There are 2 protein chains.
Amino acid sequence: MGFPEKVTIIEVGPRDGLQNEKNFVPTDKKINFIKKLKEAGLSEIEITSFVSPKWVPQMKDASTVANTFQSDTCRNIVLVPNQKGLEKALQANCRSVALFIGVSDTFNQKNINKHTKEAVQTLLPLIQQLKQQECFIRTCISTAFYCPYEGKIHERDVLALCESFVEAGVNELSVADTIGMANPKDVFSLFSKLKQNFPHTLLAAHFHDTRGLAIANIYAALQAGINRFDSSAGGVGGCPFAKGATGNVATEDLVFMLHEMGISTSINEEKLLEAVDFIAPHISRPIESKQYSLFAQR
Amino acid sequence: MGFPEKVTIIEVGPRDGLQNEKNFVPTDKKINFIKKLKEAGLSEIEITSFVSPKWVPQMKDASTVANTFQSDTCRNIVLVPNQKGLEKALQANCRSVALFIGVSDTFNQKNINKHTKEAVQTLLPLIQQLKQQECFIRTCISTAFYCPYEGKIHERDVLALCESFVEAGVNELSVADTIGMANPKDVFSLFSKLKQNFPHTLLAAHFHDTRGLAIANIYAALQAGINRFDSSAGGVGGCPFAKGATGNVATEDLVFMLHEMGISTSINEEKLLEAVDFIAPHISRPIESKQYSLFAQR
């Protein structure tokens, strides 16, 4: 079995992770957290989200955070949910933007009050605008395996939705098991097809460890030829639908496996654990990653 | 990729799990725990250990526990460390016996004050005696990937040690990543060779989740054709060398993955979680398995 020699990790902690934190994390702590992640070698990071501060007060400092990282060479990704968010992101000179959509109709309806097809139509003009600005466009494809409302999702629906975005010219698809229900067999199957169907698009896999299968799913995706993975330092964040359960796979656990397998990542494990240690006191639940548990016991 | 249609789980919680518990678990609780595991469908269980009660007071009730399960149709396995333990096990009419040895010289020296070769020589007469009694003989091969003292272990040493026991006529080899340091690439490699070299011996894989790779390692072993796995209900137990870290992979997390992949196990997930819930109050650290965390939140 062949594995990639090198894997790129897209760190989602500062955005996807902190977004689910109830207590406001002070802006300077967020900025220092991101700086420490960069020092650890992470070069593609979801740094913030231009969502409505009414709905997500945690992200009310999006412009300040985004402005701080205007001029470095990292890919500093900001999420925008709609036209209004896009305008704010462009005002803050952001050059890499993530858009978000679910495969499931019901999920999108509950989330943004639109069917999946309507949601695609809403995003297409944003993509055109981003392409004109020569921005990097990442599309986060949510509920690609299971939906909390509809149950199992068909591969053909995921592939069709991804095709809409590939045709629209996005640079990357991040395909997610939003509620942590995927198993490695299905992961291998879907990502093999994604890889085959979209050979010219960057493909990232995004797993949640809700039921303990994230690392096995990553292993299966590696076997399918995937070399880009989303993860969150400390495993911070996760899906609000799986109450109290672990969310995003922890960057440090993923990096540990990759390095043990002889796959390089450009990430310094020790500095990464220091970044986790820095943000840990601001997170309302204990950090559950294995690597950090061992670090904290030293 | 092919996977086995059916997997057998060897439940090690009552022995390998409880053995590391500092507080004595009352005998009737142990017995009821084992009964509940059987009700959940587990048919091969390490039920106790005939070790010296001076060294492991937790197992001082080995004869009582073993006697309780003389007449059912399950494979009730008892561990014996030496001739004295074997005699006690045979007195209690045990029919399935596990022997224990490390690959690493230093590990065996620290554990039983013998080099690996001396340790093999000590076990051979026990195997002969067990074969005369037509007992089922399981050999637990410890430190098959890493040793806490010697570091990385060579495959050739594992294969050579296993060969000694296969030649001696044991029925099963349970090959273990004792300190939870193995990665799925190495797991696939070693288990592929074990499967090839010993086609007529039952082969079980035993993983610890200390660094979060147990489930990925199991997935890799499945791909190597392994269809027998050791695990511990609730993930109870583990290696004393990785202080405070999670130990054995949890049976309920393993069963979840297998069932999601369409692999049958004969185990009822709900009844298994009830067995975990029964023993949880007697375990001195919280149960960390994902499936039990979700169960406890219901």
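Residues numbered from 1 in each chain as written. Chains lettered and ligands numbered in written order. Predicted model: local features only at pLDDT ≥ 70, side-chain atom pairs only at ≥ 80, totals over all residues. Heavy atoms only, no water.

- By the naming in an unreviewed UniProt entry, chain A goes by Hydroxymethylglutaryl-CoA lyase and is assigned to Priestia aryabhattai.
- Of the comments in the UniProt record for chain A, the one headed Sequence similarities (unreviewed entry) reads "Belongs to the HMG-CoA lyase family." (UniProt positions renumbered as here; feature names shortened; annotations may be inferred.)

**Some remarks on the overall build of chain A**
Item 1. Counting its secondary structure elements, chain A contains 12 helices and 10 strands.
Item 2. A globule of 298 residues ought to have a C-alpha radius of gyration of about 19 Å, and chain A, at 18 Å, matches this closely.
Item 3. Seen along its three principal axes, the alpha-carbon backbone of chain A occupies a region of about 50 × 45 × 35 Å.
Item 4. Burial status across chain A gives 58% buried among its 298 residues. (Helix = DSSP H or I, 4+ residues; strand = E, 2+ residues; numbered from the N terminus. Rg over C-alpha atoms; globule rule 2.2 N^0.38 Å. Buried < 20%, exposed > 50% of the residue type's maximum accessible area, 1.4 Å probe, protein only.)

**Here's the deal with the packing of helix α6 (residues 116-132) of chain A against helix α7 (residues 155-168) of chain A**
Residue and element names in this part refer to chain A.
Item 1. Across the interface, α6 lies against α7 with an axial gap of 10 Å and an inter-helix angle of 20°. Of the possible angle classes, the one that applies to α6 and α7 is roughly parallel. Considering the relative orientation of α6 and α7, their crossing is right-handed. Counted together, Thr-116, Val-120, Leu-123, Leu-124, Ile-127, Gln-128 and Lys-131 of α6 and Leu-161, Ser-164, Phe-165 and Ala-168 of α7 form the full contact between these two elements.
Item 2. Grouping the constituent residues of the contact of α6 with α7 by class yields seven nonpolar, three polar and one charged. (Axes fitted to C-alpha atoms, helices over the stretch in contact; angles between N-to-C directions. Parallel < 35°, antiparallel > 145°, perpendicular 65-115°, else oblique. Left-handed = near helix turned anticlockwise from the far one by under 90°. Contact = heavy atoms within 4.5 Å. Nonpolar A, V, L, I, M, F, W, Y, C, P; charged D, E, K, R; others polar.)

**Some words on the side chain of Ser-104 of chain B**
Item 1. Mapped onto the secondary structure, Ser-104 of chain B falls in the loop between β4 (96-102) and α5 (105-112).
Item 2. A distance of 3.4 Å separates a polar atom in the side chain of Ser-104 of chain B from a polar atom in the side chain of Glu-150 of chain B. (Polar contact = N/O pair within 3.5 Å; in protein donor to acceptor, adjacent residues only side chain to side chain.)

**Focus on the packing of aromatic side chains**
Item 1. With the rule as written, the count across this model stands at nine aromatic pairs over all chains.
Item 2. Where Phe-191 of chain A meets Phe-207 of chain A, the ring centres are 6.1 Å apart and the plane angle is 65°; that geometry is what we call edge-to-face. Of the two residues, Phe-191 of chain A sits in helix α8 (residues 184-197) while Phe-207 of chain A sits in strand β9 (residues 202-207), which places them 16 residues apart along the sequence.
Item 3. Using a relative accessible area of 0% as the deciding quantity, one classes Phe-191 of chain A as buried.
Item 4. Note on Phe-207 of chain A: relative accessible area 1%, which makes it buried.
Item 5. Clustering of aromatic rings is evident, with ring pairs tying together Phe-3 and Tyr-219 of chain A together with Phe-3 and Tyr-219 of chain B.
Item 6. Its end group placed over the ring of Phe-136 of chain A, Arg-75 of chain A keeps NZ or CZ at 3.5 Å from the ring centre. (Phe/Tyr/Trp six-rings, centres within 6.5 Å; stacked < 30°, edge-to-face > 60°. Lys NZ or Arg CZ within 6 Å of the ring centre and 35° of its normal.)

**Section: unusual backbone geometry**
Item 1. Here the phi dihedral of Glu-134 of chain A falls at roughly 55°; this positive angle occurs in a residue that is not glycine.
Item 2. Although it is not a glycine, Thr-143 of chain B adopts a positive phi angle of roughly 50°.

**A word on the relation of the copies chain A and chain B**
Item 1. Note on the copies: chain A fits chain B at an RMSD of 0.0 Å, the axial shift is 0.0 Å, and the rotation between them is 180°. The symmetry that links the two subunits is that of a two-fold axis. By C-alpha distance to the rotation axis, the residue of chain A lying nearest is Ala-216 of chain A, at 1.9 Å.
Item 2. Taken as a fraction of all interface residues of chain A, those also at the interface in chain B reach 100%, which identifies the copy contact as same-surface. (Least-squares fit on C-alpha atoms with pLDDT ≥ 70 in both.)

**As for the interface of chain A and chain B**
Item 1. In this complex, chain A contributes 32 residues to the contact, which on the side of chain B involves 32 residues.
Item 2. At the boundary of chain A with chain B, total buried surface from both sides reaches about 2700 Å², with 64% on carbon and sulfur atoms.
Item 3. Along the contact surface separating chain A from chain B lie four salt bridges.
Item 4. Residue Lys-290 of chain A is joined to Asp-209 of chain B by a salt bridge in which the shortest nitrogen-to-oxygen separation is 3.7 Å.
Item 5. Connecting chain A to chain B are nine residue pairs in polar contact (both at pLDDT 80 or more).
Item 6. Elements with a minimum of two residues in the side of chain A that touches chain B: α8, α9 (214-223), α10 (251-260) and α12 (290-296) of chain A.
Item 7. In terms of residue count, α9 of chain A provides more of the side of chain A that touches chain B than any other element does, five residues in total. (Buried area = accessible area lost by both parts, 1.4 Å probe. Salt bridge = Lys/Arg side-chain N within 4 Å of Asp/Glu carboxyl O.)

**Describing the sheet that holds strand β10 (residues 228-231) of chain A**
All names here are of chain A.
Item 1. Strand order in this closed barrel of eight strands is β1-β2-β3-β4-β5-β8-β9-β10, and the pairing throughout is parallel. Each neighbouring strand pair of the sheet contributes to a mean axis angle of 25°, computed without reference to strand direction.
Item 2. Strands β8 (172-177) and β9 of the sheet are contacted by α8, whose axis makes an angle of about 160° with β9.
Item 3. Against the sheet, α9 touches β8, β9 and β10, its axis set at about 160° to β9. (Pairing = 2+ DSSP bridges.)

**With respect to the pattern of salt bridges**
All names here are of chain A.
Item 1. Inspection of the entire model under this criterion finds 28 salt bridges over all chains.
Item 2. As a salt-bridge pair, Arg-138 and Asp-230 come within 2.7 Å of each other at their nearest N and O atoms. Of this pair, Arg-138 sits in strand β5 (residues 136-142) while Asp-230 sits in strand β10, placing them 92 residues apart in sequence. Accessibility assignment for this pair places Arg-138 and Asp-230 in one class, buried.
Item 3. Salt-bridge contacts for Glu-270 lead to Arg-298; the nearest nitrogen and oxygen are separated by 2.8 Å.

**Considerations on the nonpolar core**
Item 1. Core analysis: the largest hydrophobic core is formed by 214 residues, its most contacted members being Phe-191 of chain A together with Phe-191 of chain B.
Item 2. If near-sequence neighbours (up to four positions away) are discounted, Phe-191 of chain A is found in contact with Phe-145, Val-175, Ala-204, Ala-205, Phe-207, Ala-221, Ala-224 and Ile-226 of chain A. (Core = buried A, V, L, I, M, F, W, Y, C linked by side-chain atoms within 4.5 Å.)

**A short note on the pairing of β10 of chain A**
Residues and elements named next belong to chain A.
Item 1. Here β10 shows two buried faces, one formed by Arg-228 and Asp-230 and the other by Phe-229 and Ser-231.
Item 2. The sheet contact formed by strand β1 (residues 8-11) and β10 spans four bridges and is parallel. Bridge pairing in β10 places Glu-11 opposite Ser-231.
Item 3. In this fold, the crossover linking β9 to β10 by way of α9 has right-handed handedness. (Right-handed = clockwise from strand over helix to strand, strands pointing away.)

**A look at the pairing of strand β2 (residues 44-49) of chain A**
Residues and elements named next belong to chain A.
Item 1. Within β2, six of the six residues are buried, which leaves the element mostly enclosed by the surrounding structure.
Item 2. Both β1 and β2 contribute to a ladder of two bridges, which runs parallel. Within β2, the position partnered with Ile-10 by the bridge is Glu-44.
Item 3. Pairing analysis gives five bridges linking β2 to strand β3 (residues 75-79), with the strands arranged parallel. Looking at β3, one finds that Ser-49 is bridged to Leu-79.
Item 4. Traced from β2 through helix α3 (residues 62-68) to β3, the parallel crossover comes out right-handed.

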